[in-house]
Amino acid sequence: METVPGGRWVAEIYGCDLDVLENPKMVEAALLDAVMRLGAPRGSAQSVVYKFHPQGLSAAVVSPVAAVMIHTWPEDNASATLDLYFYRDGVDPEEVLKGLSRAFGAKEESAFRYWRGTEHAIKRRAFGGQQGG
C-alpha cells in the first residue's frame, strides 16, 4: 500500500482557561496558528466561528493542506474537542496539538492519532456487512 502523507489527530482537552475558551478571537487566532504550523500557505486559510449563548463555541480554520476544528464545552470541566487534519509531509502535528493545549491552558488531554495509509486500530468496513482491511 502506498503511504499517503498526512493524517488526523483527534483530541479532547480538559481544564482549559475559560477566558480563552470563551473568546472567539483568541480561539480563532490559536486555530489559525495551528493551520499555518501544519503547512498552510500564508493567506490560504479561511475561518468560521460560531459563539453559542450563554456559553460555548464551535470554530474551524481550513486551508488547501490543513484544517483544524474545535467544539467547546465550558460547562463540562472547561473542555473542548479538537480535530486536526493535515496533508503534507514534514509537519509535526504532535507539537501543533501541544501548542493548542498550551494556548487553551489545558490541564489534561486525551488523543487519537491516525496516519493515512498505515495500520491502525480503527478498521475500514465495507457496506453490506463485508469486513475491510
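Because the structure is predicted, anything quoted here is derived from the model rather than measured. In this convention, every chain numbers its residues from 1, walking through the sequence in written order. Totals for whole chains, interfaces and linings use every residue, but because this is a predicted model, local features are given only for residues with pLDDT of at least 70 and side-chain atom pairs only at 80 or more, for both listing and counting. Note that water and hydrogens are dropped before the side-chain values are worked out from all heavy atoms of the structure.

## So, the overall build of the protein
Scanning the protein for helices and strands turns up three helices and six strands. Reading the protein from its N terminus to its C terminus gives the helix and strand order β-α-α-β-β-β-β-α-β. The buried label applies to any residue whose accessible area, calculated with a 1.4 Å probe on protein chains only, is under 20% of its type's maximum; exposed applies above 50%, and partly exposed to all values in between. Here the protein holds 133 residues, and the buried ones make up 38% of them. A run of H or I in DSSP becomes a helix once it reaches four residues, and a run of E becomes a strand once it reaches two; helices and strands are each numbered from the N terminus.

## Observations regarding the side chain of serine 58
By the element assignment, serine 58 lies in strand S3 (residues 57–62). Judged by relative accessible area, which is 18%, serine 58 ranks as buried. Within the local environment of serine 58, its side chain forms a polar contact with the side chain of histidine 71, the two groups lying 2.8 Å apart. By definition in these notes, contact holds between two residues if any of their heavy atoms fall within 4.5 Å. Non-local contacts of serine 58, meaning those with residues more than four positions away in its chain, are made with Val48, Val49, Tyr50, Phe52, Ile70 and His71. Whenever a nitrogen or oxygen atom comes within 3.5 Å of another N or O atom, the pair is scored as a polar contact, on the condition that within protein one atom can donate a hydrogen and the other can accept it, and that pairs from neighbouring residues in sequence are kept only if both atoms are in side chains.

## Quick look at the environment of serine 101
With respect to the helices, strands and loops of the structure, serine 101 is situated in helix H3 (residues 93–103). As a C-alpha pair, serine 101 and tyrosine 14 span 87 residues in sequence and 9.0 Å in three-dimensional space. Setting aside chain neighbours within four positions, we find serine 101 in contact with Ile13, Ala106 and Glu109.

## Re helix H2 (residues 24–37)
Expected helix span is computed as 1.5 Å times (number of residues minus one). Relative to the 20 Å expected for 14 residues at 1.5 Å per residue, H2 spans 20 Å between its end C-alpha atoms, a close match to the ideal helical length. Taken together, the buried positions of H2 are occupied by Val27, Ala30, Leu31, Ala34, Val35 and Met36.

By themselves these figures say nothing about function.
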